[in-house]
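Descriptive analysis of the structure
Given next are the chains, with one letter for each unit.
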Amino acid sequence: MSRRRRKSRVKRRRRRLNILVGIICIGVVAFAGVTAVRMMQKNNAKQTASTDTTTTTDKKESADQSTQKGKDLTKALTIETEDTSDEAAQAEELDRSDFAVQPGRTVGTTEESDEKVVYLTLDDGPSQNTQKVLDILDKYNAKATFFVTGAMPEYKDMIKVAYDKGHTIGMHTYSHDYAKVYASVDSYFQDLDQVAQIVKEEIGYVPCFIRFPGGSSNTISASYTRGIMSTLTKEVQARGYQYYDWNGSSGDGAVRTTEQLVAQATSFHDNNIVLLSHDSAAKDTTVEALPQIIEYYQSQGYVFKALDLNSYVAHHGVNN
């Protein structure tokens, strides 16, 4: 082979080799470029997902914060409303000056309501048993009415204690001495005025709620003044008082066992029961019976309320 032809062949081989190398380089660059693009797309997708997650989290946290703020505001408003309502209720309960006797005003109603209510009334106190009764009433969230006397002046502070607990204070005359109380109409009001002054010193006013010793139907008053109850029942109302008899009794005016008191006291079924009991010094069995009496009536759907200006008024038939 001539030298010239050999050189020509070498040149052709070099050209082919360069073309092959160029093709390989182009392929490597193209592959690298595609890989880089894919990696960029993947990174962008991750960043987008991360951003979306962050945005979603931020939105959720923002929504949660707004919801919590709303709950906190609602709670605050609820508490404020409840506090305001409680304060109003307490203020209304504590301000019972309208219970003061007012001549010419009609107090209460002789028509029973549909609500099942026991108006527990306790006569002849206060005494050492009054605090025990108050503790029981507190335990059962029950209210009562205390028709007080001046028999044990050393316990007169219990009148205010009972009043401050939301119970109603009524008057049962100072002496509860039939011979003195029913000697005449004037004698009755003189005795009533004595206990009125004691009550006024304790609660700030003379209440309009009263109970006659023996009730309006008593006949023993005839031994002292004929017809006095017929006069007194009209006169007390004309002077702004209201007198309360009862349509249920525990029977503790006589000597009874605890079981006997419970049996009798729980035998009534009126919608409105004005229940007679006593908290005087000798009535230990009344204190023992009271929890069972309250539990029974509450289990029957009754509530225990204190007398007020709109309460049911039980009146007996006048026999003198």
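Residues numbered from 1 in each chain as written. Predicted model: local features only at pLDDT ≥ 70, side-chain atom pairs only at ≥ 80, totals over all residues. Heavy atoms only, no water.

1. Description of the environment of N272
Here N272 is to be found in strand 7 (residues 272-278). Separated by 159 residues in the primary sequence, N272 and S113 place their C-alpha atoms 6.8 Å from one another. Setting aside anything within four residues of it in sequence, one finds N272 in contact with E112, S113, E115, V117, Y119, N247 and Y312. Here E115 takes part through its backbone oxygen, which lies 2.9 Å from a polar atom of the side chain of N272. (Helix = DSSP H or I, 4+ residues; strand = E, 2+ residues; numbered from the N terminus. Contact = heavy atoms within 4.5 Å. Polar contact = N/O pair within 3.5 Å; in protein donor to acceptor, adjacent residues only side chain to side chain.)

2. With respect to the side chain of T130
Turning to its location among the elements, T130 is positioned in helix 2 (residues 130-139). On the accessibility criterion, T130 (2% relative accessible area) is buried. Filtering out sequence-adjacent residues up to four positions away, T130 remains in contact with F146, M158 and D279. (Buried < 20%, exposed > 50% of the residue type's maximum accessible area, 1.4 Å probe, protein only.)

3. Topic: the confidence of the model for the protein chain
When pLDDT is averaged across the protein chain, the result is 84; 71% of the residues are at 70 or more. Long-range and interchain partners of residues 73-85, a stretch whose pLDDT sits below 50, account for zero contacts in this model, where long-range means more than four residues apart. Long-range and interchain partners of residues 87-92, a stretch whose pLDDT sits below 50, account for zero contacts in this model, where long-range means more than four residues apart. (pLDDT = per-residue confidence, 0-100.)

4. Quick notes on the pattern of salt bridges
Taken as a whole and assessed by the stated rule, the structure comprises seven salt bridges. Residue K180 is joined to D191 by a salt bridge in which the shortest nitrogen-to-oxygen separation is 3.8 Å. A residue pair is termed long-range when its members are at least 10 positions apart, and K180 in helix 4 (residues 178-181) and D191 in helix 5 (residues 185-203) qualify at 11 residues. Ionic pairing is found between E235 and R239, a salt bridge with its closest N-O pair at 2.9 Å. (Salt bridge = Lys/Arg side-chain N within 4 Å of Asp/Glu carboxyl O.)

5. Description of the side chain of T286
Here T286 is to be found in helix 8 (residues 284-299). On the basis of relative accessibility, which here comes to 4%, the residue T286 falls in the buried class. Separated by 2.7 Å, the side chains of T286 and D252 make a polar contact. Among all residues touching T286, those that are not within four sequence positions of it are D252, L261, S277 and H278.

6. So, helix 3 (residues 157-164)
M158, I159, A162 and Y163 are the residues of helix 3 that are buried. One side of helix 3 carries all its buried residues, which in axial view fall inside an arc of 140°. G166 sits one or two residues past helix 3 and shows a positive phi near 95°. (Arc of directions from axis to C-beta.)

7. Section: the pairing of strand 7
Across the seven residues of strand 7, seven count as buried, placing the element largely inside the fold. Side-chain alternation along strand 7 places N272, V274, L276 and H278 on one buried face and I273, L275 and S277 on a second face that is also buried. Bridge count between strand 1 (residues 117-123) and strand 7: seven bridges; the pairing is parallel. Within strand 7, the residue paired with V117 across the bridge is N272. Direction of pairing for strand 6 (residues 248-249) relative to strand 7: parallel, over a ladder of two bridges. Residue S249 lies in a different strand from strand 7, and its bridge partner there is L276. Handedness of the strand 6-helix 7 (residues 258-265)-strand 7 crossover: right-handed. (Pairing = 2+ DSSP bridges. Right-handed = clockwise from strand over helix to strand, strands pointing away.)

8. Quick notes on the packing of helix 5 against helix 6 (residues 228-238)
At a closest axis distance of 10 Å, the pairing of helix 5 and helix 6 adopts a crossing angle of 50°. In this view, helix 5 runs oblique relative to helix 6, as classed from their interaxial angle. The crossing of helix 5 and helix 6 is right-handed. Every residue of helix 6 that contacts helix 5 at V185, Y188 and F189 is listed here: I228, T231, L232, E235 and V236. For the contact of helix 5 with helix 6, the class distribution of residues is six nonpolar, one polar and one charged. (Axes fitted to C-alpha atoms, helices over the stretch in contact; angles between N-to-C directions. Parallel < 35°, antiparallel > 145°, perpendicular 65-115°, else oblique. Left-handed = near helix turned anticlockwise from the far one by under 90°. Nonpolar A, V, L, I, M, F, W, Y, C, P; charged D, E, K, R; others polar.)

9. Section: the nonpolar core
Among the nonpolar cores identified, the biggest contains 67 residues, and L137, F146, I169, M171 and Y188 are the most heavily contacted of them. If one sorts the elements of this core by residue count, helix 5 sits on top with eight residues. Contact partners of F146, with chain neighbours within four places excluded, come to L122, T130, V133, L134, L137, A162, H167, T168, I169, G170 and D279. (Core = buried A, V, L, I, M, F, W, Y, C linked by side-chain atoms within 4.5 Å.)

10. Digging into the packing of aromatic side chains
Per the counting criterion, the structure on display carries 11 aromatic pairs. Between F212 and Y243 the ring centres are 5.3 Å apart and the planes differ by 45°, which places this aromatic pair in the tilted class. Of this pair, F212 sits in the loop between strand 4 (209-210) and helix 6 while Y243 sits in strand 5 (residues 242-243), and the two are 31 residues apart along the sequence. Note on Y296 and Y297: the rings are 5.1 Å apart at their centroids and 75° apart in plane angle, and the pair reads as edge-to-face. Judged by relative accessible area, Y296 falls into the partly exposed class, the value being 27%. Of the residues examined, Y297 reaches a relative accessible area of 0% and is grouped as buried. Three or more aromatic residues link up through ring pairs in this structure, and these residues are F99, F147, F209 and Y244. Against the face of Y163 rests R96, its NZ or CZ located 3.8 Å from the ring centre. A cation over a ring is seen here: R239 above F189, with NZ or CZ 3.6 Å from the ring centre. (Phe/Tyr/Trp six-rings, centres within 6.5 Å; stacked < 30°, edge-to-face > 60°. Lys NZ or Arg CZ within 6 Å of the ring centre and 35° of its normal.)

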